[in-house]
Amino acid sequence: MNDSASTSSGRGMAAALYRPTVLLPMALFALYVIWGSTYLGIRFALESYPPFLMAGIRFLVASTLLFGFLKLRGTALPSLRQWRNAGITGVLLLGMGNGLVCFAEEHVSSGIAAVAVACVPLFVALFAGMYGEWPSRPEIIGLVVGFLGVIVLNLGGSLSGSPTGALVLIIASMSWAFGSAWSRKQDMPSGPMNTAVQMLCASVALLVTGAVTGEHLPSHPTVHATLALAYLVVFGSLIAFSAYLYLLRHARPAVASSYAYVNPPVAVLFGALLANEHVRLLDVAGMGIILAGVATITLARTRRRPR
């Protein structure tokens, strides 16, 4: 009787943990805090590891672990077309998008990198025109406001002292946005297999880029940098991505994409508290203007979809 009662109690606790009322807040916490902290994790990892090889190792390890888990569950492999589409998307999003952010953080602070990447939804709205989804008048207003924030950030904020970092971050944002818009119309693998394939293909591109540019792995990496890389693998690439996929299936799109507003201030806060990064007044102003533009675009799209 006691064993049966304890078994039933254990099953009840497990079922309670998997309820949406529990998982949704946990997924949002992972998306807001973990993704926001990965910018600082990248900076710490760069203390020993070069940017492209570091990002390549991160996604190679994460994709291997995820592939192994999916195969144990009996998940079927994608078709050749899905491999191609996911590979292209992975190179654009993770290879160029994340890889260039890692490179840029050698020149700018982690918080400023996160603020610059906040302009991704602006480029997404522009690239959506490739498929006839041209911005409406309110979305155009949001684009103008958002790009004014980008100008403030680049001309008056911290990025003004690092032209290389500013240019690389803009290219990274454009690459992520173009990959997001392009992949919407493609035949992609389903669920977590899509993430695994994208990470695997991106890791190959990043490792090749690191080798071609003359990067070398450190012979004696610091424990601090190695722990940061492990954090990026487990928390940034596995837990946070899984949380995002869960939110896409169980939450409204506006909720799933709300990380775009939260990650920049979270990254700035982590950088200031844990790495003594300094934020200028114009940086805060640029961030506020960018997020106002993103919010305008999101609100306009939310109102337009039901029609």
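Nothing here was measured: the structure is a model prediction, and the numbers come from that model.

Parameters at a glance
- Residues numbered from 1 in each chain as written.
- Predicted model: local features only at pLDDT ≥ 70, side-chain atom pairs only at ≥ 80, totals over all residues.
- Heavy atoms only, no water.
- Buried < 20%, exposed > 50% of the residue type's maximum accessible area, 1.4 Å probe, protein only.
- Helix = DSSP H or I, 4+ residues; strand = E, 2+ residues; numbered from the N terminus.
- Salt bridge = Lys/Arg side-chain N within 4 Å of Asp/Glu carboxyl O.
- Contact = heavy atoms within 4.5 Å.
- pLDDT = per-residue confidence, 0-100.
- Core = buried A, V, L, I, M, F, W, Y, C linked by side-chain atoms within 4.5 Å.

On to helix α6 (residues 120-127). Across the eight residues that make up α6, a large majority, six, are buried. The complete set of buried residues in α6 reads V120, L122, F123, V124, A125 and F127.

The backbone of N276 sits at a positive phi, close to 55 degrees, despite the residue not being glycine. Following the sequence through the fold, N276 ends up in the loop between α12 (259-275) and α13 (281-304).

Moving on: the pattern of salt bridges. Using the criterion set out here, one finds one salt bridge in the structure. A salt bridge links E277 to R43, with the nearest nitrogen and oxygen atoms 2.6 Å apart. Of the two residues, E277 is situated in the loop between α12 and α13 and R43 in helix α2 (residues 20-45); the sequence distance between them amounts to 234 residues. For E277, a relative accessible area of 8% translates into the label buried.

Moving on: the side chain of N194. The topology assignment puts N194 in helix α9 (residues 192-212). For N194, the contacting residues outside a window of four places in its chain are A86, M188 and P189.

In this model, the protein carries a mean pLDDT of 84, and residues with pLDDT of at least 70 account for 86%. Of the regions scoring below 50 in pLDDT, residues 5-10 engages in zero contacts with residues more than four places distant in sequence or in other chains. Within the model, pLDDT remains below 50 along residues 12-18, and this stretch shows four contacts once partners closer than five positions in the same chain are excluded.

Counting 79 residues, the largest nonpolar core has Y39, M54, L94, L122, L169, M199 and I290 as the members making the most contacts within it. When residues no more than four places from it in sequence are discounted, the contact partners of Y39 are V101, E105, S110, A113, A114, V117 and A267.

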